[in-house]
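# Residue-level structural notes
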Amino acid sequence: MSSPISVAILGAGIFAREAHLPAVSILSSSQTVTLSAVYSRSHKSASALATLAQETLNLTSALTVYSEDAEAGLDALLSRSDIQAVIIALPINDQPNIILRSLKAGKHVLSEKPVGKDVKNGVDLINTYEKEYKPKGLVWRVAENFECEPGIVATAEAIRSGKIGDVAFFKLSAVNFMDKSSKWYQTSWRTVPDYQGGFVLDGGVHSAALLRTVLPSEITSVSGHASLVKDWLAPHDTIQSVLRLASGAHGTFELSWGAPSKARAENFISISGTKGHIEITGENIQLPGQPEGKTTMHWVVKIVGEDEKEDVQKYATKGIENEIKWFAEAIGGKDNGAGSPRGALRDVAVIQASLTSSGQLVDIKKLVGEA
């Protein structure tokens, strides 16, 4: 059995605490990764994450903490030869520089989505990686948990195996209720975003990645409109677009964080083929042994054939754990393709096209520089 990959978590925000750390804990138990250090811009937040990590992972000694307001900062962490990889969960505009600094220091990188604040930013970053660091054997993956979810992967496999015939048309609707008390809105860099789209970019790339994963043909063009329903979610909180695939199939793509109440919120995907259709929804399920009030999010996948017989399967959410596990496996030479920066670039391109098209047709290949 190979030795676990030694990682450091860069960033001590909500997602590092509530998503990455629990996943690292599970993978530490299976000897896939081991957590060696944490970093944040402030010593206070880094120390809080380190304390939580010690409790969560049952560590016998405290983790080394690095921060910009202490003597040992990021450069000191990156200089450690015992750390092989970093998991980056920092504000969108801070990530590109940290990604490059980490790669330059010889570290493998798993960075949170999106791949960049816009397509140009993503292209520049990818080109630098592919030219300077990929040839050295360094692995860079973008952490997009939706493409790693068992339910989404199973849907993709069902479609590619012909369960619904050829994809003809589809619809994705992700309408969310956001209020000012939300922990996500209360994050300072999300409250006043300095990148396009606000939550539409930050959260919307998940939905774009879901479609990229399950549809057997790539998105080639987008035509859409963007708007702002709640002025405090500027610059935009809603998009509605029509997407066309290379196969000729087409569908609608609706994202909003401007729902007037929780009653309006909805999240579902419907994909219709020549021999049936698939629906994907979410459901919180209380598992055996979970305390009262505690539930686990499940992806509910319903496949309906021409005979109208239904096959319903429920998959517990496991995307964060899988993205880190598959990243570690890629470092070891077993790469299943998940987390591809160029795939993540297409997710940003779909969102950017939806935000900027104003009803005009946007060629995705041209936008990402592939045409």
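In what follows, the structure referred to is the one given above.
Reading guide: rules and limits
- Residues numbered from 1 in each chain as written.
- Predicted model: local features only at pLDDT ≥ 70, side-chain atom pairs only at ≥ 80, totals over all residues.
- Heavy atoms only, no water.
- Pairing = 2+ DSSP bridges.
- Helix = DSSP H or I, 4+ residues; strand = E, 2+ residues; numbered from the N terminus.
- Axes fitted to C-alpha atoms, helices over the stretch in contact; angles between N-to-C directions.
- Contact = heavy atoms within 4.5 Å.
- Core = buried A, V, L, I, M, F, W, Y, C linked by side-chain atoms within 4.5 Å.
- Buried < 20%, exposed > 50% of the residue type's maximum accessible area, 1.4 Å probe, protein only.
- Expected span 1.5 Å × (residues − 1).
- Arc of directions from axis to C-beta.
- Phe/Tyr/Trp six-rings, centres within 6.5 Å; stacked < 30°, edge-to-face > 60°.

### What about the sheet that holds strand E3 (residues 64–67)?
With respect to topology, six strands assemble into an open sheet ordered E3-E2-E1-E4-E5-E6, the strand pairing being parallel. The open sheet has two free edges, formed respectively by E3 and strand E6 (140–143), since each of these has just one partner strand. Adjacent strand axes in the sheet meet at a mean angle of 25 degrees when their direction is disregarded. Against the sheet, helix H4 (residues 95–104) makes contact with strand E1 (5–10), strand E4 (85–88), strand E5 (108–112) and E6, and its axis sits at roughly 170 degrees relative to E5, the strand it touches most.

### Things to note about the nonpolar core
Core analysis: the largest hydrophobic core is formed by 77 residues, its most contacted members being Leu10, Leu77, Trp140, Phe253, Ile271 and Ile351. In this structure Leu10 touches Tyr39, Leu74, Leu77, Val86, Ile87, Ile88, Ala89, Leu90, Ile98 and Ser102, once residues within four positions along its chain are discounted. Ala16, Val24, Leu35 and Ile320 belong to the second largest nonpolar core, which has 29 residues in total.

### Comments concerning helix H2 (residues 43–56)
If you check H2, its first and last C-alpha atoms are 20 Å apart, about what 14 residues at 1.5 Å a residue would give, namely 20 Å. Inspection of H2 places Ala46, Leu49, Ala50 and Ala53 among the buried residues, and these make up the whole buried set. Looking straight down H2, one finds its buried side chains confined to an arc of 100 degrees; they lie on one side. Of the exposed residues in H2, the ones pointing more than 90 degrees away from its buried face are Lys44 and Glu55.

### Here's the deal with the packing of aromatic side chains
The tally for this structure, following the rule as stated, stands at five aromatic pairs. On the numbers, 5.2 Å between centres and 85 degrees between planes, the contact of Phe146 with Trp299 is edge-to-face. Taken together, the positions of Phe146 in the loop between E6 and helix H6 (150–160) and Trp299 in strand E13 (residues 296–305) put the pair 153 residues apart, joining distant regions of the chain. Centre to centre, the rings of Tyr185 and Trp232 are 5.0 Å apart; their planes meet at 75 degrees, and the pair counts as edge-to-face. Here Tyr185 is found in the loop between strand E7 (167–175) and helix H7 (188–191), whereas its partner Trp232 is found in the loop between strand E8 (219–227) and strand E9 (238–245), with 47 residues between them in sequence.

### Notes on the sheet that holds strand E14 (residues 310–316)
Strand order in the open sheet made by the nine strands is E14-E13-E12-E11-E7-E10-E9-E8-E15, with mixed pairing throughout. Both outer strands of the open sheet, E14 and strand E15 (362–363), are each paired with one neighbouring strand and no more. Of the pairings in the sheet, the one linking strand E11 (residues 266–273) to strand E12 (residues 276–285) comprises four bridges and is antiparallel in character. Paired with Ser270 across the strands is Glu279, a residue of E12. Contacts from helix H9 (residues 204–214) reach E7, E9, strand E10 (250–256), E11 and E13, with the element oriented near 155 degrees to E10.

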